[in-house]
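Here are the chains, one letter per residue:
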Amino acid sequence: MPGYPPGGADNHRFELGRRHMNLLRAAGTVSAFTLLSRITGLVREVLTTTLFGASGLTDAFMVAFRLPNMLRRLFAEGAFSQAFVPALARERAANGEAATRQLVDATATLLFWILLGVSALGVAAAPVLVWAIGSGLQGPSFEAAVVMTRWMFPYIACMSLVALSAGILNTWKRFALPAVTPVLLNLSVIAAGLLLVKPLERAGWPGIYALALGVMAGGVLQLAVQWPALRRLGMLPRVGMGWRRIRDAWSHSGVRHILRTMGPALLGVGVAQLSLLINTQIASHVAVGAVTWVSMADRLMEFPTALAGVALGVVLTPLLAAAKVQGDRAEDSAREFSGLIDWGLRLVLLLALPCAVALLVLRCPWWRCCSIRGRSALPTSTRLPGP
């Protein structure tokens, strides 16, 4: 084979096959934990409709949670992760651990202070934000959405720091812990719904506020469980508290590169979030409970996305970034990069197409099985879509 010494082609194919098996094993681990997260997330949604039905207060919680959750997907797990993980992998491959440590500290410092300002602004501007995403909410529902938005908006700060921690762990090929931590959010909300609704109602507060408390507890828990793993790696972020440290973080070349890269990534991730924002705004004007229906449908749609796209993206992103740096020759680097992309695309198609067909064909049984519990999530006059 051209480009390889005698016997080198067989060795290359063996090494490529071994690497693909390792990638498949890592992707399987991430996919399994992500599936667990999606299942517990579905249980969370079913519990919500069981306790509160498709009511105005349920719509208020969905709108209030949509705001920080949308920002999390845009800036934390979305654009930030897509920019930070490749930059961190390249820095580690090219310049070693000490330079990587400096990049982590600079990124954490700037991220912390930006998040502090964004959280304060979100709490202050909660009425405007609720109106922007769900202006159809009226009276007590709108007021409850404003209160819960103020309670939950700092969740974006927790999740951005979780995304920073997960990026570090994924770069060091510690995939399991970042993949399992989202389960803690769902378990926290489930526990809050089971334990705190009645006490809050007896105290004169709407019981739905228990779910908002569960969201904040889940965000703190996700951040807390990753800290020991970072400490063991020697990569626990150190946040600078002085103006000079903030200025140094802003001028760090790696941080500037991350900020520049976030622009295109933000555009790509923002399209899906903008669509969901528009859907929520429209649903808030359709009928009481319509926002809940949209959220449940989105939850079902996320199952194949999590199993295929998210899991492979988590595993492949740091490896693709390292492949651009570590190749002995430009030809070797390009061949490895292309091979990883081809393998990932084939596996995504293999997994995603059957899931898409299953959701299309079995849409009504899925909806009836997962959405209708307790106080029915759909009014009796609403006809399920179907033939």
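Predicted model only: the values in this text are computed from it and were never measured.

Undergrad: Can you tell me about the overall build of the protein, naming the residues and giving the values?
TA: For the protein, the helix and strand inventory stands at 14 helices and zero strands. Shown N-terminal to C-terminal, the secondary structure of the protein runs as helices and strands in the order α-α-α-α-α-α-α-α-α-α-α-α-α-α. Burial status across the protein gives 49% buried among its 387 residues. Look at the contacts in the protein between residues 6 or more apart in sequence, and 81% of them connect residues 24 or more apart. As presented, the protein carries roughly 18,400 Å² of accessible surface, and 69% of it is formed by carbon and sulfur atoms.

Undergrad: Could you give me a rundown of the confidence of the model for the protein, with the residues and numbers involved?
TA: Mean pLDDT over the protein stands at 77; residues scoring 70 or higher make up 76%. In this model residues 1-7 is a low-confidence stretch, pLDDT under 50, and it forms six contacts with partners more than four residues away in sequence or in other chains.

Undergrad: Provide a residue-level description of a nonpolar patch on the surface, including the pertinent values.
TA: On the surface, L194, L195, L196 and L213 cluster together to form a nonpolar patch covering roughly 390 Å² of accessible area. Ranked by residues supplied to the nonpolar patch, first place goes to helix α8 (residues 182-202) with three residues. Relative to the elements of secondary structure, L196 occurs in helix α8.

Undergrad: Explain the side chain of R66 to me, and be specific about the residues and the numbers.
TA: Topologically, R66 is positioned in helix α2 (residues 56-76). Judged by relative accessible area, which is 9%, R66 ranks as buried. Polar side-chain contacts of R66 include one of 3.4 Å to the side chain of T280. The contacts of R66, once residues within four sequence positions are left out, are I133, L276, T280, S295 and D298.

Undergrad: Which residues make up the packing of aromatic side chains, and what are the values?
TA: Applying the stated criterion across every chain, the model contains six aromatic pairs. Judged by centre distance (5.0 Å) and plane angle (65°), the ring pair of W151 and Y209 falls under edge-to-face. Taken together, the residues span a long stretch of sequence, with W151 in helix α5 (residues 140-152) and Y209 in helix α9 (residues 209-233) at a distance of 58 residues. According to the relative accessible area criterion, W151 is partly exposed, its value standing at 29%. When its relative accessible area of 6% is taken as the criterion, Y209 is described as buried. Taken together through their ring pairs, the aromatic side chains of F61, F65 and Y155 make up a single cluster.

Undergrad: Got a sec to walk through the environment of V104? Specific residues and values, please.
TA: For V104, the position within the fold is in helix α3 (residues 79-124). Considered as a pair, V104 and L236 are 132 residues apart in the sequence and their alpha carbons are 8.4 Å apart. When neighbours within four sequence positions are excluded, V104 is seen to be in contact with L88, I168, M235 and P237.

Undergrad: Can you lay out the environment of Q82 for me, pointing to particular residues and giving the numbers?
TA: With respect to the helices, strands and loops of the structure, Q82 is situated in helix α3. C-alpha of Q82 to C-alpha of M262: the two residues are 180 residues apart in sequence and 7.4 Å apart in space. When residues no more than four places from it in sequence are discounted, the contact partners of Q82 are A265 and V269.

Undergrad: Lay out the pattern of salt bridges in plain terms, naming residues and giving numbers.
TA: Going through the model one piece at a time under the given rule, you end up with five salt bridges. One salt-bridge network, held together by shared partners, links R101, D105 and R238.

Undergrad: Can you explain empty space enclosed by the protein? Please cite residues and give values.
TA: Summed over the entire model, instances satisfying the criterion amount to two cavities of 30 Å³ or more. Approximately 120 Å³ is the volume found for the largest cavity. Lining the largest cavity, in full, are R44, E45, M62, F65, R66, N69, R73, S295, D298, R299 and E302. Counting residues per element, the lining of the largest cavity draws most heavily on α2, at five residues.

Undergrad: Explain the packing of α3 against helix α6 (residues 155-171) residue by residue, including any values.
TA: Describing two packed helices takes the angle between their axes plus the distance from one axis to the other. Packing of α3 against α6 leaves a shortest axis separation of 9 Å and a crossing angle of 175°. Judged by the angle between their axes, α3 and α6 are roughly antiparallel. Residues of the contact of α3 with α6, tallied by class, amount to 15 nonpolar, six polar and one charged.

Undergrad: Which residues make up the nonpolar core, and what values go with them?
TA: Ranked by size, the top nonpolar core spans 67 residues in total, and within it F61, M148, M152, I168 and V215 carry the most contacts. Counting residues per element, this core draws most heavily on α3, which supplies 13 residues. Those residues within four positions of V215 in sequence are excluded, and the remaining contacts are F61, F65, M152, Y155, L185 and V189.

Conventions used here
- Residues numbered from 1 in each chain as written.
- Predicted model: local features only at pLDDT ≥ 70, side-chain atom pairs only at ≥ 80, totals over all residues.
- Heavy atoms only, no water.
- Helix = DSSP H or I, 4+ residues; strand = E, 2+ residues; numbered from the N terminus.
- Buried < 20%, exposed > 50% of the residue type's maximum accessible area, 1.4 Å probe, protein only.
- Contact = heavy atoms within 4.5 Å.
- Areas by Shrake-Rupley, 256 points an atom, 1.4 Å probe, with all protein chains shown as cover.
- pLDDT = per-residue confidence, 0-100.
- Patch = residues over 30% accessible without salt bridge, like charges linked within 9 Å, V, L, I, M, F, W, Y side chains within 5 Å.
- Salt bridge = Lys/Arg side-chain N within 4 Å of Asp/Glu carboxyl O.
- Polar contact = N/O pair within 3.5 Å; in protein donor to acceptor, adjacent residues only side chain to side chain.
- Phe/Tyr/Trp six-rings, centres within 6.5 Å; stacked < 30°, edge-to-face > 60°.
- 1 Å grid on protein atoms, 1.4 Å probe; cavity = no way out; pocket = protein on both sides within 12 Å on 5 of 7 lines; lining within 4 Å.
- Points joined across faces, edges and corners; volume = space filled by probe spheres on them.
- Axes fitted to C-alpha atoms, helices over the stretch in contact; angles between N-to-C directions.
- Parallel < 35°, antiparallel > 145°, perpendicular 65-115°, else oblique.
- Nonpolar A, V, L, I, M, F, W, Y, C, P; charged D, E, K, R; others polar.
- Core = buried A, V, L, I, M, F, W, Y, C linked by side-chain atoms within 4.5 Å.

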